[in-house]
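Residue-level listing of the chains:
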Amino acid sequence: MLYRPSQIIQIAGYPVKGLGRLDLQEAWLDPAGLEFGRYKDHEFMLVRSNPENGLHHFVSQRDHRFKGDKAQSMAAMAKIKPVFDGDYLKLAWDGNDFIHLPYDRNSGDALAVEVQKDICKAVDQGDELADWFSEHLEYPVRLVKATGPFDRSARQDYMKNPYPMRFQDGYSYHWFAIESVEELSQIAGYPIDWTVFRPQIVT
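Since this is a predicted model, take the numbers as computed values, not measurements. (Residues numbered from 1 in each chain as written. Predicted model: local features only at pLDDT ≥ 70, side-chain atom pairs only at ≥ 80, totals over all residues. Heavy atoms only, no water.)

### Quick look at the nonpolar core
If you look at the biggest cluster of nonpolar residues, it comprises 27 residues, and the most contacted ones within it are Leu46, Ile80, Leu91, Leu101, Phe133, Leu137 and Leu143. Per-element accounting of this core gives the leading share, 4 residues, to helix α1 (residues 127-137). Leave out the neighbours within four places in its chain, and Ile80 touches Leu19, Gly20, Leu91, Ala92, Trp93, Trp132, Phe133 and Leu137. Within the second largest apolar cluster, 12 residues are counted, among which are Val113, Val115, Cys120 and Phe150. (Core = buried A, V, L, I, M, F, W, Y, C linked by side-chain atoms within 4.5 Å. Buried < 20%, exposed > 50% of the residue type's maximum accessible area, 1.4 Å probe, protein only. Helix = DSSP H or I, 4+ residues; strand = E, 2+ residues; numbered from the N terminus. Contact = heavy atoms within 4.5 Å.)

Shown next, in the form of structure tokens:
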């Protein structure tokens, strides 16, 4: 087997958990995750507007909403993608209907939220964004940010570590080699795209 020096071939940011990918040319590495310009990876998250037992639960593409007595998936979240407009980010619904994503809304109502069985407090980002998301997803949600009183630590499953984390699933970074995806494709018998794993760094 020939040795291939590791080289980064893709950097991706996901400023809002569960939404579309932001392709990056460069980013800063921080213990809590990637930083790009004024924004950070997994810095924002959608939660259900209506709390259960005092907690606003996070919303993912795998969730279901009910329209009448029929359950429909929240896969439409994938239609919302971040795009840079100069130094600022906007969110686009299906390629149009843009709304500004503020980077400096760091104070305000702190909501108790649940993400991957962790309970923490995150700052609500206001009614305008909540209404925009709710209208497009046809489900009442609010956007929160990992700032202010927010405090969450990385998982300790494999080794004890002191690292903070935002709204990622378990660790600050998802980093893997493209060879792993190619090997998995060979085993599966059909091509698997690396994007389905939503990594931040691919080498």
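### A look at the sheet that holds strand β3 (residues 28-30)
Strands sit in the order β3-β4-β5 across an open sheet of 3 strands; the sheet is antiparallel. Across the chains shown, the open sheet's two edge strands, defined by having one partner strand only, are β3 and β5 (39-40). Inspection of the sheet shows β3 paired to strand β4 (residues 33-36) by 3 bridges, in the antiparallel sense. Paired with Leu29 across the strands is Leu34, a residue of β4. (Pairing = 2+ DSSP bridges.)

### Description of the side chain of His56
With respect to the helices and strands, His56 occurs in strand β7 (residues 56-57). For His56, a relative accessible area of 9% corresponds to the buried category. Within the local environment of His56, its side chain forms a polar contact with the backbone oxygen of Arg48, the two atoms lying 2.9 Å apart. The residues touching His56, leaving out its near neighbours within four places in the chain, are Val47, Arg48, Ser49, Asn50, Pro51, Leu111, Ala112, Val113 and Glu114. (Polar contact = N/O pair within 3.5 Å; in protein donor to acceptor, adjacent residues only side chain to side chain.)

### Details of the side chain of Gln200
With respect to the element layout, Gln200 can be found in the loop between α2 (178-188) and β17 (201-202). Within the structure, Gln200 has its side chain in polar contact with the side chain of Asp41 (distance 2.9 Å). The contacts of Gln200, once residues within four sequence positions are left out, are Gln10, Ile11, Ala12, Tyr14, Leu34, Asp41, His42, Ser172, Tyr173 and His174.

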